[in-house]
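# Structure assessment
So the chains spell out like this:
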Amino acid sequence: MRSALSFLVLLFGLTACGDGAGETTENGEGENGQGANAELCTASQRSCAGQCAACPSVGVGEATCVEARCVASACREGYSPCGEGCCPDLWDGEGTAAPVDPELGQGNIPHGRYPSLALDASGEPRICYQGIANNTYALRCSIASAGQWSAETVDSGPGFSGFDPDLSVASDGSLHVAFYRALNQQRTVAYAYRSAQGWSTREVESSLDVGAHVSLLLDAAQQPIVAYRDGVAGNNARLGLVVARPLAETWSFEVAVPIAADDTDVGFASEMVLDAAGNPHISYQGGGGLGAMSLRYVRKEGENWATGIVDNLTPTTSFSFVYNAIALDSQGRPHIAYSDPGAGDLKYARWEGSAWVIESVDSQGDTGWGASLALDAQDHPHITYFDRSTGGQTSAAVKYATWTGAAWEFRTVAPSGGGALSTEAWTSMALDSRGRVHVAYYGAGKVHYALSR
């Protein structure tokens, strides 16, 4: 098990400070010629408790002594306060030499909403999102290779396409994405995959109210499993949270959780993960409206589905989606990051074998929107999300939080201001084999990508 410090060294690319430089002398001056109580020591040290002492994170900047602890008060350009010192800024802009997609929004049609990010076997990012093609909504995907992005249209209708895409990359590198289209009063859940021959698309299900928050994963045979909400009884009478699997010419369907009189929100904001046996675990929004919203969880057990309430949420004055993300740890136990819209908090729940342990990760202001979650090799969570505290709904900051093993640490991926960002969509993140964090998000009429250093 790595210590909390070595974990930070791995994630942020930091190195431990040296022990010898800047030691105080008999006359009270350090080797840098400053008094022992001076606020500025050498690059690897901080003045604290009457002497220049090594701090746990490398960096350059000023620090003050607060209750015998070194606290960074000013850091040079490219560094930010971190624990008791200055750490290198975490994020590299777009991360590549070219934009993710050169197209921009046109008129009232945005470009880059609902981004879904996945990595291939070599750690190269792929992002699918709702974009523009032929002056209408379309499903677009961008592929990074050797530091350059190439964008292509996957599906442009009929009707408006590209809503709520969820992307997975197969072991052979092929792309698989589920999404939904809207034409008049009809919605269609669709599945597309990209092979060496190009993109192919097939319909999963059409209904009056189908497809809200589609989720897709690939099983051990690299076959797609698609989860989504069906909210209107049609000829097939599938009402609730639906799980679909492909057959030769059609699809098989299961209703994991049916809609009930006291649980009309079933299936909104659904997110899915598969365990080692290929069984789906799904987190989703439940409840019966403004005063009874809840975060719920369901898993497949043999031929049955077991469901329960994770957290009863703060009542709201208007309807809001409970954005959430789910992951399984090394023991197969679920972890869920989610927003509590009524409280404006980012929360985190983990299953301990007999009960859910719930904590507020970030409760400062109006935050937690559009959460995305990944667990590292130590089962430590990494979460990206929107913070609307300063910029509001149309100018939110993108934040990152991680558990070090001892405490939550926070970074800003992209600051608020100037209408640069928007919470019309969620964030999407993944960890690569080097522990780097990849993030996709929507803002200023286009899709953005950020990579941790």
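Above this text is the structure in question.
A short tour of the structure in this document, coming up. Fair warning: this is a prediction, and the values are worked out from it, not measured in the lab. (Residues numbered from 1 in each chain as written. Predicted model: local features only at pLDDT ≥ 70, side-chain atom pairs only at ≥ 80, totals over all residues. Heavy atoms only, no water.)

By size, the foremost hydrophobic cluster in this structure holds 33 residues, and its most contacted members are Val189, Val204, Val226, Tyr228 and Tyr441. In terms of residues, this core owes the most to one element, strand 16 (residues 210-218), which gives four residues. (Core = buried A, V, L, I, M, F, W, Y, C linked by side-chain atoms within 4.5 Å. Buried < 20%, exposed > 50% of the residue type's maximum accessible area, 1.4 Å probe, protein only. Helix = DSSP H or I, 4+ residues; strand = E, 2+ residues; numbered from the N terminus.)

Before going further, it helps to examine the state of the cysteines. Tallying each qualifying case throughout the model produces one disulfide. The disulfide bridge from Cys128 ends at Cys141, spanning 2.0 Å between sulfur atoms. With the S-S dihedral at roughly 105°, the linkage between Cys128 and Cys141 falls on the right-handed side. On the criterion of sequence distance, the pair formed by Cys128 in strand 9 (residues 125-133) and Cys141 in strand 10 (residues 136-145) is long-range, its members being 13 residues apart. Its relative accessible area of 1% is what places Cys128 among the buried residues. On the basis of relative accessibility, which here comes to 0%, the residue Cys141 falls in the buried class. (Disulfide = S-S within 2.5 Å.)

Moving on: the sheet that holds strand 16. Overall, antiparallel pairing links the four strands, which are arranged 16-17-18-19 in an open sheet. Looking at strand neighbours, the two that pair on one side only are strand 16 and strand 19 (251-258), the edges of this open sheet. Pairs of neighbouring strands in the sheet enclose a mean axial angle of 20°, with direction left out of account. For strand 18 (residues 240-246) and strand 19, the ladder comprises seven bridges, and the chain directions are antiparallel. The residue of strand 19 that forms the bridge with Val242 is Val255. (Pairing = 2+ DSSP bridges. Axes fitted to C-alpha atoms, helices over the stretch in contact; angles between N-to-C directions.)

Bringing the sheet that holds strand 28 (residues 367-375) into the picture now. Strand order in the open sheet made by the four strands is 28-29-30-31, with antiparallel pairing throughout. The open sheet terminates on both sides in strands that have one partner only, identified here as strand 28 and strand 31 (408-414). For this sheet the average axis-to-axis angle between neighbouring strands, irrespective of direction, equals 25°. The pairing of strand 30 (residues 397-403) with strand 31 spans six bridges and is classified as antiparallel. Bridge pairing in strand 31 places Thr402 opposite Glu409.

What follows covers the pairing of strand 28. Extensive coverage of strand 28 is indicated by the burial of nine of its nine residues. Between strand 28 and strand 29 (residues 381-387), which pair antiparallel in sequence order, lie five residues; one of them, Asp379, sits at a positive phi of approximately 65°.

Time to look at the packing of aromatic side chains. Scanning the model with the defined rule gives 15 aromatic pairs in all. An angle of 40° between the planes, with centres 5.5 Å apart, marks the rings of Tyr114 and Trp426 as tilted. Here Trp426 lies in the loop between strand 31 and strand 32 (428-431) and Tyr114 lies in strand 8 (residues 113-119), a separation of 312 residues in the sequence. A centroid spacing of 5.6 Å and a plane angle of 80° characterise the contact between Tyr348 and Trp408, whose relative ring orientation is edge-to-face. Separated by 60 residues along the polypeptide, Tyr348 in strand 26 (residues 345-351) and Trp408 in strand 31 bring together distant segments of the chain. Clustering of aromatic rings is evident, with ring pairs tying together Tyr114, Tyr137, Phe160, Phe163, Tyr180, Tyr323, Trp369 and Trp426. The ring of Phe253 carries the charged tip of Arg238 above its face, separated from the ring centre by 3.7 Å. Here the basic side chain of Arg388 rests over the ring of Trp369, its NZ or CZ set 4.0 Å away from the ring centre. (Phe/Tyr/Trp six-rings, centres within 6.5 Å; stacked < 30°, edge-to-face > 60°. Lys NZ or Arg CZ within 6 Å of the ring centre and 35° of its normal.)

On inspection of all chains with the given rule, the structure shows 18 salt bridges. Ionic pairing is found between Asp209 and Arg187, a salt bridge with its closest N-O pair at 3.5 Å. One end of the pair, Asp209, is in the loop between strand 15 (198-207) and strand 16; the other, Arg187, is in strand 14 (residues 186-195), and 22 residues separate them in sequence. The partly exposed category is assigned to Arg187, whose relative accessible area is 24%. Between Arg411 and Glu409 there is a salt bridge; the shortest N-O distance is 3.9 Å. Each member of the pair, Arg411 together with Glu409, is buried. Connected via shared salt-bridge partners are Arg333, Arg350, Glu352 and Glu359. (Salt bridge = Lys/Arg side-chain N within 4 Å of Asp/Glu carboxyl O.)

Everything listed is a geometric property; what it means functionally is a separate question.
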